[in-house]
Amino acid sequence: MDMQHGTIRILPDAEALIDNVAKAIAYAREREIPVIYVVVGFRQGAPEVSSNNKIFAGLRERMGNNSMDEFMKVHPDIAPQNGELTVIKRRVSAFTGSDLAVVLSAFGIKHMVLTGIATSGVVLSTLREAADKDYRLTVLADCCADGDDEVHRVLTTKVFPRQADVLTVDEWAIK
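> In this structure, what is going on with helix H2 (residues 15-30)? I would like to understand it.
Each full turn of the α-helix corresponds to 3.6 residues, which orients residues three or four apart in the same direction. Along its 16 residues, H2 runs 22 Å from first to last C-alpha, staying within 8% of the 22 Å computed at 1.5 Å per residue. All of the buried residues along H2 are Leu17, Ile18, Asn20, Val21, Ala24, Ile25, Tyr27 and Ala28. Looking at the buried side of H2, the elements it contacts are helix H1 (5-8), strand E1 (36-40), strand E3 (111-117), strand E4 (136-145) and helix H8 (169-174). Two residues or fewer after H2 comes Glu32, characterised by a positive phi angle close to 55°.

> Can you walk me through the state of the cysteines in this structure?
When the sulfur atoms of two cysteines share a covalent bond, that bond is a disulfide. Applying the stated criterion across every chain yields a total of 0 disulfides. Cysteine Cys143 is unpaired, with the sulfur of Cys144 as its nearest cysteine sulfur at 6.8 Å. For Cys143, a relative accessible area of 0% gives the class buried. Taking the relative accessible area as the measure of exposure, Cys144 reaches 6% and is therefore buried.

> I keep staring at the sheet that holds E3 and nothing clicks. Help me out?
Backbone-to-backbone hydrogen bonds pair the strands of a sheet. The strands run either parallel or antiparallel. Judged by pairing direction, the sheet is parallel, and its 3 strands sit side by side in the order E3-E4-E5 without closing on themselves. Each edge of the open sheet carries a strand with a single partner, namely E3 and strand E5 (165-167). Strand-to-strand, the axes of this sheet are offset by a mean angle of 25°, without reference to chain direction. The sheet contact formed by E3 and E4 spans 6 bridges and is parallel. Note on E4: the bridge partner recorded for Gly116 is Cys144.

About the cut-offs
- Residues numbered from 1 in each chain as written.
- Predicted model: local features only at pLDDT ≥ 70, side-chain atom pairs only at ≥ 80, totals over all residues.
- Heavy atoms only, no water.
- Helix = DSSP H or I, 4+ residues; strand = E, 2+ residues; numbered from the N terminus.
- Expected span 1.5 Å × (residues − 1).
- Buried < 20%, exposed > 50% of the residue type's maximum accessible area, 1.4 Å probe, protein only.
- Contact = heavy atoms within 4.5 Å.
- Disulfide = S-S within 2.5 Å.
- Pairing = 2+ DSSP bridges.
- Axes fitted to C-alpha atoms, helices over the stretch in contact; angles between N-to-C directions.

Listed below in structure tokens is the structure:
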């Protein structure tokens, strides 16, 4: 989730994260587990963003008339292959303002494996909402990143385990 040009650049060293996510995607494809990409995006000028929204109002100002298409492109090392879906969300949670729930239902998916930027943003919000919707959840801790390493650690070791299995990509691959 949110593994796109506009978000990856906020991380000081994204290479290890991209490598781990690429490993998770390869494992999923190998086992025919659907890979669904989620990106945050808006129409040109971000008319969906209220000035009351602390997170996205700043983005709206910074993006101005820049290309949203470019902002939403998934990093090329982990980009979708033909037939893989990309869901566009309009807020922090992967469910909010998107058709993710419809896609998951159409595929019959009841267990989600979450990865993304930021652990305290899209991963936390999506995990909470997915848990409330009764999905089984796995978080790949080394396939998530946050601007604050301590927040990432607390979420993946203390908060997420209450609602999800938290594994590394290598642990998940052998499970």
